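Below, each chain spelled out in residue letters.
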Amino acid sequence: MPFGSETGRQAPGSVGAPDGRSAPGSPAPISGGSIRRTTTVDARPDGTWHAGTLIDARGRDLVADGGGHTREHATHRFRARVDQDGTLRDADDTTGDAADGRLPAELVGIDSRRGFRRALTAHFGPAGGVGLQAALLDDLPGMRIISGYAQVQQFAPARPADRRPSPVIGVCVGWAADGTAATSDDALPGMLTSRPPAPDLVGGDERVWHTDPPPPRAGMRRRRLIEVTPDTVTGVYGYFRDTYCRPDGIEVVVHEYEITATVAAGVGGLPVVRELTARPGALPFPECPAAAATAVSLHGVPLGEIEPEVRRRLVGPHGCTHLNDLLRTLRLVEPMTTLFRATRGEPNQ
């Protein structure tokens, strides 16, 4: 089955990367014989960012038969509140749709930043941790981090120049010790003011993405897509985009990547990554796109070892934490393949 932007996965509408290269455009509709998961997580201030963060998360699994006819297999939505200290709570509004999407009781009241993914594994178990609800919850630590960009934008005018915030230097290529972010006083406040407008991903076609409301003003939106086309050589397409919606309603791109991969049986019959390409889109600093080259180090890695290998191989000033989050979704290829075959009444191979 064809997959990836080289074979028409994307529709026109790309935005420019900081280094002038073309960037990923909008994903095309799901291919025939595939399963596609799309998720959207919104974060907005609870009045102010200092008071807490309100989360609205939505996702869908869509299946397409060989003729391209689609049907919705599953959807999930939840709303939550993250206290100023990072503690996860149910949303105060538990009426209507929100009442149907309350958080698992075991996860309410825990820290949504440190150790949260370990808590997800303990709650769902290895198998349950690849479901749609777990996929949405998995993004909460990242949302906590990227909401910091919106806070910088909100509070930058009142911040003394000599107190410019910075994460740990060396955490990624964008924050290399000698890079733009670490050495320029204007880099961090300029991350959102100088970003390119976000092109529409959906174009009114529900075969591309589930229905989303407008992004929250002065808030952040994270969108993910993974599509698996099972075959002897399985095709995988992934897309990731973080955006900020300015107070005037203009949505701009902060981080954007796409990946294409092939997966096939390796030694002992275990599925391994045969080919993997990462393409950077709009990214905040000039050094960021260089991280895409690190994806090649995952060639030959068994799917069951993707998560620990991403953490082991792609950390520090040569990698990108946002790209790593996208690469981690390769852990979903096997369970999504199993799910796809189950929806068609086929035995798992």
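Refer to the preceding data block for the structure.
Fair warning: this is a prediction, and the values are worked out from it, not measured in the lab. (Residues numbered from 1 in each chain as written. Predicted model: local features only at pLDDT ≥ 70, side-chain atom pairs only at ≥ 80, totals over all residues. Heavy atoms only, no water.)

**Student:** Before we move on, can you summarise the packing of aromatic side chains with the specific residues and values?
**Tutor:** Note on aromatic pairs: each is described by the distance of the centres and the angle between the planes. Tallied over the full model, the rule gives one aromatic pair. Here Trp175 and Phe285 contribute two aromatic rings whose centre-to-centre distance is 6.0 Å and whose plane-to-plane angle is 85°, an arrangement assigned as edge-to-face. Separated by 110 residues along the polypeptide, Trp175 in the loop between helix H3 (140-155) and helix H4 (180-183) and Phe285 in the loop between strand E10 (271-280) and helix H6 (306-313) bring together distant segments of the chain. The same class applies to Trp175 as to Phe285, namely buried. One residue, Arg223, lies across the ring of Trp209, its end atom 5.0 Å from the ring centre. (Phe/Tyr/Trp six-rings, centres within 6.5 Å; stacked < 30°, edge-to-face > 60°. Helix = DSSP H or I, 4+ residues; strand = E, 2+ residues; numbered from the N terminus. Buried < 20%, exposed > 50% of the residue type's maximum accessible area, 1.4 Å probe, protein only. Lys NZ or Arg CZ within 6 Å of the ring centre and 35° of its normal.)

**Student:** Please give an account of the side chain of Arg37 that cites residues and values.
**Tutor:** Looking at the element boundaries, Arg37 is found in strand E3 (residues 34-46). What makes Arg37 buried here is its relative accessible area of 5%. Of the polar contacts made by the side chain of Arg37, one reaches the side chain of Asp61; its length is 2.8 Å. A polar contact of 2.9 Å, which involves the side chain of Arg37, links it to the backbone oxygen of Val130. Beyond its immediate sequence surroundings of up to four residues, Arg37 is in contact with Arg60, Asp61, Val130, Gly131, Leu132, Ala135, Arg224, Leu225, Ile226, Leu332 and Met336. (Polar contact = N/O pair within 3.5 Å; in protein donor to acceptor, adjacent residues only side chain to side chain. Contact = heavy atoms within 4.5 Å.)

**Student:** So what's going on with helix H7 (residues 321-328)? Residues and values would help.
**Tutor:** Summarising burial for H7: seven of the eight residues are buried, a large majority. Here H7 has its buried residues at His322, Leu323, Asn324, Asp325, Leu326, Leu327 and Arg328.

**Student:** Lay out the packing of H6 against H7 with the relevant residues and their values.
**Tutor:** Following both chains from N to C, one finds H6 and H7 inclined at 160°, their axes separated by 9 Å at the closest point. Overall, the two elements H6 and H7 adopt an arrangement that is roughly antiparallel. Considering the relative orientation of H6 and H7, their crossing is right-handed. The segment H6 lies against H7, with Ile306, Glu307 and Val310 engaging Asn324, Leu327 and Arg328. Here the residues of the contact of H6 with H7 sort into three nonpolar, one polar and two charged. (Axes fitted to C-alpha atoms, helices over the stretch in contact; angles between N-to-C directions. Parallel < 35°, antiparallel > 145°, perpendicular 65-115°, else oblique. Left-handed = near helix turned anticlockwise from the far one by under 90°. Nonpolar A, V, L, I, M, F, W, Y, C, P; charged D, E, K, R; others polar.)

**Student:** Could you give an account of the pairing of strand E4 (residues 48-64), with specific residues and numbers?
**Tutor:** Burial analysis of E4 places 14 of its 17 residues in the buried class, which makes it a mostly covered element. Sheet topology places E3 next to E4; 13 bridges connect them, and they run antiparallel. When the bridges of E4 are listed, Arg44 appears paired with Leu54. Where E3 folds back on E4, the antiparallel hairpin that results is connected by one residue, among which Gly47 adopts a positive phi of roughly 85°. Pairing of E4 with strand E5 (residues 70-83) involves 13 bridges; the strand directions are antiparallel. (Pairing = 2+ DSSP bridges.)

**Student:** Describe the environment of Val301, with residues and values.
**Tutor:** Summarising the element assignment, Val301 is placed in the loop between E10 and H6. Beyond its immediate stretch of four places on either side in the chain, Val301 contacts Val272, Val273, Ile306, Glu309 and Arg313.

**Student:** Quick one: what's the story with the pairing of strand E9 (residues 251-265), residue by residue and with numbers?
**Tutor:** Here E9 lies mainly inside the structure; 14 of its 15 residues are buried. Bridge count between strand E8 (residues 234-245) and E9: 12 bridges; the pairing is antiparallel. Bridge pairing links Tyr237 to Thr260 in E9. The hairpin turn running from E8 into E9, its antiparallel successor, is five residues long, and Gly249 in that turn takes a positive phi close to 90°. Two elements, E9 and E10, share nine bridges in a ladder whose sense is antiparallel. Within E10, the residue paired with Ala265 across the bridge is Pro271. Where E9 hands over to E10, the hairpin turn is made up of five residues, of which Gly268 adopts a positive phi near 80°.

**Student:** Describe the pattern of salt bridges, listing the residues and the values that go with them.
**Tutor:** If you walk through the whole model with that rule in mind, you get 31 salt bridges. In this structure, Arg222 engages Asp325 in a salt bridge whose closest nitrogen and oxygen atoms are separated by 3.5 Å. With Arg222 in strand E7 (residues 219-229) and Asp325 in helix H7, the pair connects residues that are 103 residues apart, well separated along the chain. Judged by its relative accessible area of 10%, Asp325 falls in the buried class. Between Arg331 and Glu307 there is a salt bridge, and its shortest N-O distance comes to 3.7 Å. With Arg331 in the loop between H7 and helix H8 (333-343) and Glu307 in helix H6, this pair connects stretches of sequence that are 24 residues apart. (Salt bridge = Lys/Arg side-chain N within 4 Å of Asp/Glu carboxyl O.)

**Student:** I'd love a proper account of the sheet that holds E4, names of residues and values included.
**Tutor:** The antiparallel open sheet is built from eight strands, whose spatial order is E6-E5-E4-E3-E7-E8-E9-E10. The open sheet has two free edges, formed respectively by strand E6 (88-90) and E10, since each of these has just one partner strand. Ignoring which end each strand starts from, the neighbouring axes of this sheet average 20° apart.

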